[in-house]
Structure formats: C-alpha cells, structure tokens
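Secondary and tertiary structure notes
The residues making up each chain are set out below.
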Amino acid sequence: MRQFLKVVAFMVVTVGLFAGYSNLGIPQIQPAPPPTEEKIDLSAMTMDQFVALGERLFSGKGTCTLCHNALGRAPELGEIAISSQARLDDPRYAGSASDIEGYIRESLVDPSAFVVVGFGKAGSNDTESPMPSVNSGSIGMSDPETAAVIAYLQDNGGLEITVEIPTDLGEAEDEGEATNSGEPREPITDIQELVDNHACEACHTITDAAGDIGPDLSKIGATQDRDYIRQALLDPNAVIAEGYEEGFMPDDLGQQMYATELEIMVDFLSNLK
Amino acid sequence: MKGTGSLRNVSNKLIYGLFITLVIGLVSVFGGADLFAAYAAGTEAAADAASTGGYGPAPVTTAADYPSYAGVNGRLAIWIFAQLHLWFAAFVLAVPIFVFIIEVIGMRTRDKRYDDMAYEFIKVSITAYSLTAILGGLLLFSLILFYPDLFSYLSVIFGESMFYYALLFFGESAVLYLYYYGWHWLQGGLKKWIHLTLGLTLNAVGTTLMLLANAWLTFMMSPAGVDPAGVFSGDTWAAIHNFLWNPINIHRFVANIAYGGSIVGAYAAFKFLTARNDQEKAHYDWMGYNANFIAICALLPLPFAGYYLAAEIYAYSQQMGITLMGGIFAWLFIIQAVLIGTLFLSANYYLWCGMGRSDGAKRYTKYIKYIAIVLVGAFLVWFTPHTLVLTNSELKSLGGPHHSILGPLGIMPAKNTAVNIMITFTFLSFLFYRRSNKVATVSWEKTGNIIQVALFSAGIVNILFLGIYHGYFTNTVYKVAASIPQVMTTFTVIVGSLILDSFIYRGAKDVGPLHWGRIPDRAQYALFLLAVAFTWLMGLMGYIRSGIRQHWHVVDIMRDNSPDAYTPTLGYAANVVSIATIMFLAMVIFVFWIAQVSTKKSLPAGYWKE
Amino acid sequence: MSLKNKLISFGIAFVVCGGGFLLLDVTLMNMQGLSLIFER
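First, a word on scope: everything that follows refers to the structure included in this document. Everything quoted here is computed from the prediction, not taken from an experiment.

Right, let's talk about the interface of chain B and chain C for a bit. At the junction of the two partners, chain B supplies 29 residues and chain C supplies 20 residues. Taking both partners together, chain B and chain C bury about 2000 Å²; carbon and sulfur atoms supply 80% of that area. Inspection of the chain B/chain C interface yields zero salt bridges. Connecting chain B to chain C are one residue pair in polar contact (both at pLDDT 80 or more). Counting residues per element, the ones that place at least two in the side of chain B that touches chain C are α15 (445-472) and α16 (476-504) of chain B. If you tally residues by element for the side of chain B that touches chain C, the top one is α15(B), at 16 residues. For the side of chain B that touches chain C, the residue count by class is 19 nonpolar, nine polar and one charged.

Pasting the structure below:
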C-alpha cells in the first residue's frame, strides 16, 4: 500500500508539474474572439474611405499579409498594374476575366483560376493555389468587402480605381444604425487589433509582417524612447528617418485614437527591443 | 529463469516484429482502403440513383441551438469524454498489436515466457475494452445532447458508416473474447495457429474501427465530398478519404503502439516495486524492459509521422498551418518540447539503469554522462529560441494571437536539429545497452568500432551543417527542404550502425548471465514518468488538432455559433488535460487492480457448511 | 593499434562517411529541385 501511494503521489506531482509549467511558464494569451462581419455603411462612403476600408480588410480580417508580404510566400501585390495585364496575356491563362478588375476579383474569389509560376501547392505543378477563397469559409468576406479590397489593390498598385462602391447594401443596410447612432466606440485594448485597425503593418515591419514603406519598428524600443515614439505617432513628419519619404504616414492618428490607445501603442513599441 | 543471451534475441525479434507490424498496418490501411472503395462503389451507384438532391446544406446555427443541461458546459463534457475515450481506445488498439507479435515470437522460439507475457498483457487490458465502449457511449450521448445540429449533419454524411462501425464493434468484442478466453484452450500445433489467426483478425477489425472513427474527425478538419455550402454529394468514400485521413491514420497507428507500450510498462513497474520475491522481480523487470522497448521503438519514428501530418495540414490549408504553428498554438509546441524531452530523458535513464543487469556494462558507463549532457543540451536548444523572441511580459502587452509572432519556420530548423540529435543519441544509449553484455570476438573489432565512431561523427556533423547552414542562411523553402536530408541522415546512422554492430558482434561471447531484477527502484519511476508524460502529451496534442479548427465545427462548411466557439487560453487547456489525465490514470489503476482480483481467493473458515 | 593508426583510420572512415552524407544531401535537395548551396 505504501508503494501504491508513493506511485500515485509521483504521478499526481508529475501531472501537477506539467500543468504548472503550462500555466506559469507560458504566457497566457487570451485568443481573439471569432471574427464577425465588418459593419459597413456604404451609403455615406467616399472612394477614399472605401479604399481605406479595403486596406484595413487587407491587413486585418482578410489575413492577406500573412502571405502577401516581403517574405515571398505569395506573389507581390505592389506591381499589380504590370503583373495583372501580363497574366491575362499569359498563354497559360484559362480563367474568364477580360480586364484587370475582373482578374483581381477572380484571383480573390477563385485563386486557383490562375496560379503564378512557383506559387502553386506543392506537387500541383502550379495548377492549384494554396490561397483560400476570400468570400467563403474561414475568411468570409462579403461582396462589398471584396469590392473594397479590389479598390485598395488597384489604388495601391497605381491603377485607376474601376470598381464601384456597391449600392446594393444587402446585409450592410441594418448595420448602418450602429455607426450612425452617434455613440462613442469602445476603446480598443488589444494591441494587435490596434495595429490591424490602423494598418501599421502595411508600411512597417513590427513583428514579422514585413512592410518596407516605412522604417522597421521591430527593434524601435532599443534606439528610441517613449517621447520620440509618441511624437512620431502624433506628428509623423516632425522627424523623418533617413531614407524614407515625408508625407506617407497619416498625420491624423491623434484624432483617430483614444489617449489610452495611444499609450498602449507607445508602451508596446517602446518594449520592442 | 534463462535470461542469458536473450537480450539480443529479444531486441532483434522485437525490431523484426515491429517492422512486420508496420507492414501489416500499412497493408491494412491501404487494404482497408480497397474495401472501403469497393463499398463506396456500391454507395456511389445508390447515390446516382437517388441523385444528390436529397441532401441539404450544412445547418446554420445560432447560440440558441446549443442546449445546456443542468449547468454542464457542453464543450467541457465533450472534451473530457472524447479524450478519455481516445486514451482507452488507443490503449486497447495497441495492446493486441504487440500481444500478437509477442505471441508469434513465443511460437517461433518455443519460449513459453513470451506466451505468458502476451497473455498477461491482454489480461490487464481486458476491462479497458468495456470502459472504451462506455466512454464512447458517453461521448456519443453528449454530442447528441449538446451539439445536436452538428451530430445530425455528420450523421447525414456518415450515417451508414456509423452503422457499420457499430456492427464492427460487435465483431471486435466477439473476437476479443474468443482470443482472450480461448488462450489456454487453443495451445499447441494447429490450435496455436487458429489462435494466432484470431489475434490477426482482432487487429484487423480494431484497425478498421480506428480508420472509420478517424474519417469522421478528419472530415471535420478537411471536409471532402461536400460542396462549399456543405451539400453532400452522396459519395461516402470521398468524405472518408479526405485530405488528412491517411496522415492521421499513420500518426495514430504509430503513436498508439508507443502509448500502449508505455502503459503496460507502468503496470510492470508497479508489479516490480511490489514484488514479493526475486523471481517475481526478475519477471516484471523483464516485462517492463520489453514494454519500454516497444514504446521506444514506436516513439523514434513518431516525430516524423507528426512532421508529415503537420506538413499535410499546411498543404491542405496554409491558413490552418499558420494557425497551428504561428499563432497561439505555437506556444503549445514549447510545452510539447518539454514533454517530449521528458520522454526521451526518462527512456534513456531507464536504459542506463538497465545496464546494471549486466556485469559487462562498466565498460560503457563512463560515456553516459556525455550522452546525458548532449541530450539535455538538445532539449534546451529545442525550446530556448522561442522564448528568446519575446519575454512573457512583452507578449502579455502584445496581447493578440494573430500573425506568426514566433516566425515558426524560422525556428523549425533549430528544433529539427535538436530532435535529430536527441534521436541519434538515444540510439547510442540503446547501442551501449545492447553491447553491455557482449564481448566481440571478430579480429577487426577495433577497426569496426572506429568506423562506427566515424559514422556517428559524420552523421552529427551533417545534421548540424544542414540545420545551421540551411536554417539560418537560406530562405524558407531551403529550411523546409533541408529537414529531409537531416532525417535521412539520422535514419542512415541508425540503420548503418545496426548493420555494422550485428557484424562486429557476430558470434560474440556473453560477459555473464543477465541479472534480471538487478535494477534500482528509481528506474521504475522512469517508466511511470513515461506513461504519465505520454498520456498528458496525447491530451495536449489532441487539443491542438481539434483546436486548429477554431470557430468551425466543420472547417469552412459549418460554423460553430455556440457561446464556447472561442479558443481557450493554454493554461485552461492544460488544466482540462491534467484533470482528464488524472481521471484516466485512476481508471487505469482500477483496470489493473481488477485484473488481479480474479486471482485472489478468500477462504473464510466455517462460513460454508461442511 | 597505435594512436596514429587509429587517427588515420578514423580520418579515412570519417571522410568516406562524410562524403556519403554529402552525396545524400545533394541528392535529396536536388530531388526537391534545389541545390545544396543556397542560390538567391
């Protein structure tokens, strides 16, 4: 019996150690809740806002930057003006699009219609794309959202924006109330949500979604203090890092963010070392 | 006890046996596939006749569609029942596999000890069968109660296969009872052959059951045979043979053997500790050694089966792959590293202690500390690079799980290198153990040893070269690609030195008789640690496998709209796994205890009239 | 066997095994359409 109790105690202690390590040795991350459809009020939207929405979707809900980034996991989308036409002219092209807008939409909704050489699923000989369709399943963008991403991609690639802001509001209709009710929005406390909402990673490398339009911020805390970072957020053109151009960074973050959000951002950036 | 010289025989035969098992397993996977295909051809015809119009899209649920009963959290109930069911199922599927092998070895060598050991293994697991069925029933009931829409959707697609599953379960029980209760009756000559055929049938039925159940869960991860809205095409075979089915089949088949070995190892360890005389001690030491050997043989290929599964998950959906390795779950792989490190260290420790059984082991003990240092080093490398990326407080302030904070592929090479080094050195431990009781007699022994040292050194250099150069100085494609020659190097070292060793030790002399039972008590605790770590690890990995579906019942087809459709924190998951582990261990202790109650007799004086 | 002889035999065996492994690496990388040495 003594042996038995010893063995039982040993086992319970072992399980306890494993559990303890998982609870105390590992950071407890509260995962984000499942994604919901973004509320869109299309009726009052200008094209600039529509493009901005597309940009948010691109780096946020769409999770496009997971792969379409400087790591080269998926084709570069910045040269879309040249590449789209080239792909339409490609003898391998067998899709149904006839213009660039159509090509972009097709690539979003049916990624396997044309796969750029070298980016197909392993073993499929570039006939099958690893990208999920944006309007089904795990990404689940609505048609207006897809249109917004197309607008953003065209704008970002230096093309004329041919896509129209959908007038058929569909689901978006009843959602207008929420945004028009005039109530202040809830402050965001999640840094990733902040980063996504302001699409910082479209230009900056922060963790690993590498944008290179703006300076690399992944170690910014090692060289700059909090005041510098705060100023750079509020008045980005005050000091321009060498090799980068003035005027790219939005200078209205001070109007868009709550003070608490700004401080979360400053805290976060100053701790990146 | 005729222990002398049996050590090498045991190892060789078990290696051979496990190889045969793998072959049989693969054949039954693919042979089973043929059966399924034939069956599916039938259903296809039926489906054509019925036309696909009869099936509706996947149900869209709201929070109200998830009933709650008596304040029980449905997700938690399902989680625990499924996990307990899985542990028992893994155990009862694995035991007949190696019982069959051991019985065959006994039949070939005509050494009755094997037959007795095989019988003892099946005896201690017999109660576990009914527990498996009971827990399966609980899982089914709670699925119907708490997730009725999901269950009815799945039963539309798999209804027929569920029916066959139930029938097979009857078959499994029937064959099992014949196999177990007929053990002493079916002995000798033709009867033994009949008994072995029963054993093979038992394994075939058991494996088929597992394949069917695997189809249901892999369908939820990588649905097939349905259109994007979830309308079933009527082709059951397509739904069964979905993208992740075979990767899971292989992974589970190998893992089950390792798991079953570790559980019966714990049984033998406990019997060793409570043995009343030296003969019993020797018997259970021998049994524990064999069980551990089975566990380790299956453990060595397991990382590769796991790697294959992960690669297939990536291939199926890059997004799911990134969730798996780059998001919140990335931290789980650090816990996994700690556990697998525990497994390797305790397995090695047991081997080192076991060298005490031989009088010739002294020659090798001086090397053991170096192996220990390398193992611990590899263990540390394995999870250090992750934690250096961000400190805990930084990550807390970071908050979100999105994006691959840890740059998973960037650190996979370090991890791969460490795993390969650990496997190579574990094999070295085993090699020392094998040699400990032998003295080579061939004239070229020294040269042979030098070649073997060179093979190991060159292999290790190559593993390090591939890991460091391709891991840190090239791009993602190279990093992933380089893991293949790395694995093959490990494999070559193992196979090469096994062959070389068998030549060096051809006709070798024994140092002296092996002293079974001459092993310290603390070595038995290594076996307990192995069993507990295995159980816990399986629970954790099961959580990941299920968790990467995120807020989907059936990925991209049927969304989970219940209030619990979020990923819990790792601490919460670890606590659930821990509680379930303790419940499982308690039940296993009961199963083992009940197995020996049947041998106990009380003779109360004067109770019965004379 | 003298130490020198031991070292020489080890050296030869090491070079043979190492060469074998290198060949294995090259083959397996080529089978995946890559060269052993990284080309950008």
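More follows now that the structure is in view.
The subject of this paragraph is empty space enclosed by the protein. In total, this model carries nine cavities of 30 Å³ or more according to the counting rule given. Each pocket or cavity is described by its volume, and for the largest cavity that value is around 600 Å³. Along its surface, the largest cavity is lined by 33 residues, and H68(A), A74(A), P75(A), S107(A) and M131(A) are the ones closest to its centre. When contributions to the lining of the largest cavity are tallied by element, the ones reaching two or more residues are α3 (80-89) and α4 (100-109) of chain A together with α10 (318-326) of chain B. No other element matches α4(A), which puts four residues into the lining of the largest cavity. Approximately 80 Å³ is the volume found for the second largest cavity. Looking at the second largest cavity, the residues that line it are V92(B), L93(B), P96(B), I97(B), L202(B), N203(B), G206(B), T207(B), M210(B), F253(B) and N256(B). Those elements that provide at least two residues to the lining of the second largest cavity are α2 (74-109), α5 (189-221) and α7 (245-273) of chain B. Looking at the lining of the second largest cavity element by element, the count peaks at five residues for α5(B).

This part takes up the environment of L244(B). When you line up the elements, L244(B) lands in the loop between α6 (236-240) and α7. For the pair formed by L244(B) and I313(B), sequence separation is 69 residues and the distance between their alpha carbons is 7.1 Å.

Quick look at the environment of K271(B) now. Residues and elements named next belong to chain B. Checked against the element boundaries, K271 lands in helix α7. Between the alpha carbons of K271 and M287 there is a distance of 9.8 Å; along the sequence they are 16 residues apart. Leave out the neighbours within four places in its chain, and K271 touches Y284 and Q596.

The rules behind these values
Residues numbered from 1 in each chain as written. Chains lettered and ligands numbered in written order. Predicted model: local features only at pLDDT ≥ 70, side-chain atom pairs only at ≥ 80, totals over all residues. Heavy atoms only, no water. Contact = heavy atoms within 4.5 Å. Buried area = accessible area lost by both parts, 1.4 Å probe. Salt bridge = Lys/Arg side-chain N within 4 Å of Asp/Glu carboxyl O. Polar contact = N/O pair within 3.5 Å; in protein donor to acceptor, adjacent residues only side chain to side chain. Helix = DSSP H or I, 4+ residues; strand = E, 2+ residues; numbered from the N terminus. Nonpolar A, V, L, I, M, F, W, Y, C, P; charged D, E, K, R; others polar. 1 Å grid on protein atoms, 1.4 Å probe; cavity = no way out; pocket = protein on both sides within 12 Å on 5 of 7 lines; lining within 4 Å. Points joined across faces, edges and corners; volume = space filled by probe spheres on them.

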